[in-house]
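Close look at the chain arrangement
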Protein chains: 2
Amino acid sequence: MREKLGKMPLPIVERLSVYLLTLLDIKSEGRVSVSSLELAERNGFSSAQVRKDLSCFGTFGKKGTGYDIDLLIEKIRGILGLKRTWRLALIGLGNLGKALITHKGFTTRAFEFVAIFEKKPSLVGKQYKGIQIYNIENLDKIAKAKRIEIVVLTIPKEEVAGVYEKVIVAGIPAALNFTPVRLLSKGNTLVKNVNFFQNLETLTFYLSNF
Amino acid sequence: MREKLGKMPLPIVERLSVYLLTLLDIKSEGRVSVSSLELAERNGFSSAQVRKDLSCFGTFGKKGTGYDIDLLIEKIRGILGLKRTWRLALIGLGNLGKALITHKGFTTRAFEFVAIFEKKPSLVGKQYKGIQIYNIENLDKIAKAKRIEIVVLTIPKEEVAGVYEKVIVAGIPAALNFTPVRLLSKGNTLVKNVNFFQNLETLTFYLSNF
DNA sequence: AAGAGAATGTGAATGTTTTCACTAAAATAG
DNA sequence: CTATTTTAGTGAAAACATTCACATTCTCTT
Ligand SMILES: NC(=O)c1ccc[n+]([C@@H]2O[C@H](COP(=O)([O-])OP(=O)(O)OC[C@H]3O[C@@H](n4cnc5c(N)ncnc54)[C@H](O)[C@@H]3O)[C@@H](O)[C@H]2O)c1
Ligand SMILES: NC(=O)c1ccc[n+]([C@@H]2O[C@H](COP(=O)([O-])OP(=O)(O)OC[C@H]3O[C@@H](n4cnc5c(N)ncnc54)[C@H](O)[C@@H]3O)[C@@H](O)[C@H]2O)c1
């Protein structure tokens, strides 16, 4: 059992998220308990890794039986901070932004879009899927008023630098960045970059070299 | 300089993709050479890491000067298999699928969508953005005829297991999976999973534990 | 042309993550 | 009730990844 959660290795946190999805899946099949081996095999990990990962946060299992699914789901939700709803804002209501806003998955989990920011004057002041669209220039003010915790960036790459500066100034705690410009965490803002090309390029690398 | 490219560590391949974007960026500023330090600082890595990564594939730099940008771009493109166009197919023309197909970035790089597969009878036989829509039941036949190399999965999660089975049977070399169902590489098919929740959940973990 | 400075490439050291291999507890079968 | 099987938890070992630190080479200035 580790002490400092703040410096938990990223691979462990990522796997926790995978375990959670798997547990929800198994639960939906009506099962009530699961072994580290099954959790591992479904995801291509080793059973020792599953046990070691979970042991960082406490002892949740029962020797001879495995893990109680409901209990483990609640524990992981607690660890990942998913016992409450997080307030998101979308920045850039283009093709990708609309797909994300429309996606039901977010809402049915722990995430809720509470604002959209756009540059196009024709969109500002309107709503999209019931969510108010604001002028990006008012990010600071609205972010505070709406208690925005995570911004989702789906703007053209030329706009990223300027908008990110505004995000930092507004002191928004986190950003999920879908643009191909790699951002580094700065100020009080934690960034996670999602790069589609990188994903495709790891595939083409291995396809080319086997 | 490493020998077996096929077992190059994933972190190195992912950084290569980051270096490439950075180099293109720097090139567009009119520059002709760059140091490992600059390549590192722009991306939050160490300069030693940049040099060590590149040294796995050859010696591309010049002591005292750094790396020639055009040369390094070409080398990395070669390593990542980006000197030719890869033939993609989209499976599932929904919200996310449409955003991806519409996205210019793919076409202007080394990727080209050559087919769309759908289940909805109303879409089959039509085109979207000039790309023919086929019945998913014909995946095997069309994949061979169109020489599809990578499928992009944007279908509901309930459909994933069945469709993935078809992808494996068709022997398609790779799949980029945007659904929340984690797939494991199997048969001759290499899989890369892209999980938006995982990205959000790593953010909420660290936000919750600082 | 010599010296100072810049920057690579890399073996060795360090740090991190994963796997191994075992102990111990619970469940099950005989 | 005892033996066998199942499975969690965990130090220790191994594998893997990053950083250090320096010899070497190239550039630039004077
Ligand atoms: N569409 C995809 O499938 C896809 C895939 C990978 C990456 N991306 C990246 O996501 C980003 C958006 O892609 P897209 O296809 O949705 O583009 P898009 O052009 O359809 O949408 C961008 C939107 O951002 C708005 N915008 C521009 N500047 C802004 C600003 N300063 N503040 C607020 N809003 C602003 C635009 O008005 C537009 O509505 C791009 O960086 C792209 O590279 C998209
Ligand atoms: N929209 C998003 O922003 C987003 C974000 C993250 C993940 N995802 C995931 O991506 C997937 C698609 O999301 P979406 O929002 O585009 O959903 P969607 O419902 O808009 O689109 C799904 C499309 O797939 C088609 N389809 C269904 N079964 C099929 C089959 N067997 N073969 C071929 N086509 C089939 C449907 O007809 C539909 O057109 C989902 O798994 C979702 O969880 C979406």
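Residues numbered from 1 in each chain as written. Chains lettered and ligands numbered in written order. Predicted model: local features only at pLDDT ≥ 70, side-chain atom pairs only at ≥ 80, totals over all residues. Heavy atoms only, no water.

**Description of the domain arrangement of chain A**
Once the domains are mapped, chain A shows domain 1 (2–79) and domain 2 (86–197). For domain 1 of chain A versus domain 2 of chain A, the separation of C-alpha centres amounts to 31 Å. (Domains from an automatic or database assignment.)

**Quick look at the protein's contact with DNA strand D**
Around DNA strand D, the structure places 25 residues, and the nearest of them are Ser36, Arg51, Gly61 and Tyr67 of chain A together with Arg15 of chain B. For DNA strand D, the backbone makes up 61% of the atoms found within 4 Å of the protein, where backbone means sugar plus phosphate. At 3.4 Å from a base oxygen of DNA strand D is found a side-chain nitrogen or oxygen belonging to Lys52 of chain B. Among the elements of the structure, helix 3 (47–55), strand 2 (61–62) and strand 3 (66–68) of chain A together with helix 3 (47–55) of chain B are those that each provide at least two residues to the surface near DNA strand D. By residue number, the principal contributor to the surface near DNA strand D is helix 3 of chain B, which donates four residues. Classifying every residue of the surface near DNA strand D by side-chain character gives four nonpolar, 12 polar and nine charged. (Near = heavy atom within 4 Å. Polar contact = N/O pair within 3.5 Å; in protein donor to acceptor, adjacent residues only side chain to side chain. Helix = DSSP H or I, 4+ residues; strand = E, 2+ residues; numbered from the N terminus. Nonpolar A, V, L, I, M, F, W, Y, C, P; charged D, E, K, R; others polar.)

**Considering the packing of aromatic side chains**
All told, the structure shown has 19 aromatic pairs over all chains when counted by the stated rule. Seen in terms of ring centroids, Phe106 of chain B and Phe113 of chain B are 6.1 Å apart; in terms of plane orientation they differ by 80°. Their pairing is edge-to-face. For the pair Phe106 of chain B and Phe113 of chain B, one class covers both residues: buried. Aromatic ring contacts, followed pair by pair, group Phe57 of chain A together with Phe205, Tyr206 and Phe210 of chain B into a single cluster. Directly above the aromatic system of Phe197 of chain B lies the positively charged group of Arg109 of chain A, at a separation of 4.4 Å from the ring centroid. Over the aromatic face of Phe45 of chain B sits the side chain of Arg15 of chain B, whose NZ or CZ is 5.9 Å from the ring centroid. (Phe/Tyr/Trp six-rings, centres within 6.5 Å; stacked < 30°, edge-to-face > 60°. Buried < 20%, exposed > 50% of the residue type's maximum accessible area, 1.4 Å probe, protein only. Lys NZ or Arg CZ within 6 Å of the ring centre and 35° of its normal.)

**Some thoughts on the relation of the copies chain A and chain B**
At an RMSD of 0.1 Å, chain A and chain B line up after a rotation of 180° and a shift of 0.0 Å along the axis. Between the two chains, the operation in question is that of a two-fold axis. When the interface residues of chain A are mapped onto chain B, 100% of them again fall at the interface, so both copies present the same face. (Least-squares fit on C-alpha atoms with pLDDT ≥ 70 in both. Contact = heavy atoms within 4.5 Å.)

**Regarding the protein's contact with DNA strand C**
In the vicinity of DNA strand C, 25 residues are found, and the nearest of them are Arg15 of chain A together with Ser36, Arg51, Lys63 and Tyr67 of chain B. The sugar-phosphate share of atoms of DNA strand C within 4 Å of the protein amounts to 62%. A distance of 3.4 Å separates a phosphate oxygen of DNA strand C from a polar atom in the side chain of Lys62 of chain A. In this structure, Ser36 of chain B approaches DNA strand C through a side-chain N or O atom, which is 2.5 Å from a phosphate oxygen. Listing elements by their share of the surface near DNA strand C, those giving two or more residues are helix 3 of chain A together with helix 3, strand 2 (61–62) and strand 3 (66–68) of chain B. By residue number, the principal contributor to the surface near DNA strand C is helix 3 of chain A, which donates four residues. In terms of residue class, the surface near DNA strand C is built from four nonpolar, 12 polar and nine charged.

**Considerations on the site of ligand 2**
Near ligand 2 there are 24 residues, and of these Asn95, Leu96, Glu118, Ile155 and Glu159 of chain B occur at the shortest range. Close to ligand 2, residues of chains A and B are found. Contacts to ligand 2 include Ile155 of chain B, whose backbone N or O atom sits 2.6 Å from an oxygen atom. When ligand 2 is considered free in solution it has 820 Å² of accessible area, and contact with the protein chains removes 87% of it. For the shell around ligand 2, the per-class residue count stands at 13 nonpolar, six polar and five charged. (Areas by Shrake-Rupley, 256 points an atom, 1.4 Å probe, with all protein chains shown as cover.)

**Brief notes about helix 3 of chain A**
Listed as buried for helix 3 of chain A are Ser47, Val50, Asp53 and Leu54 of chain A. For helix 3 of chain A, the angular spread of buried residues about the axis comes to 125°, placing them on one side. (Arc of directions from axis to C-beta.)

**Some points on the site of ligand 1**
The environment of ligand 1 is made up of 24 residues, and the closest members are Asn95, Leu96, Glu118, Ile155 and Glu159 of chain A. Within the backbone of Asn95 of chain A, one N or O atom sits 3.0 Å away from an oxygen atom of ligand 1. In isolation ligand 1 has 820 Å² of accessible area, and contact with the protein removes 87% of it. Contributing elements (two or more residues each) for the shell around ligand 1: helix 5 (95–102), strand 5 (111–118) and helix 8 (157–170) of chain A together with helix 5 (95–102) of chain B.

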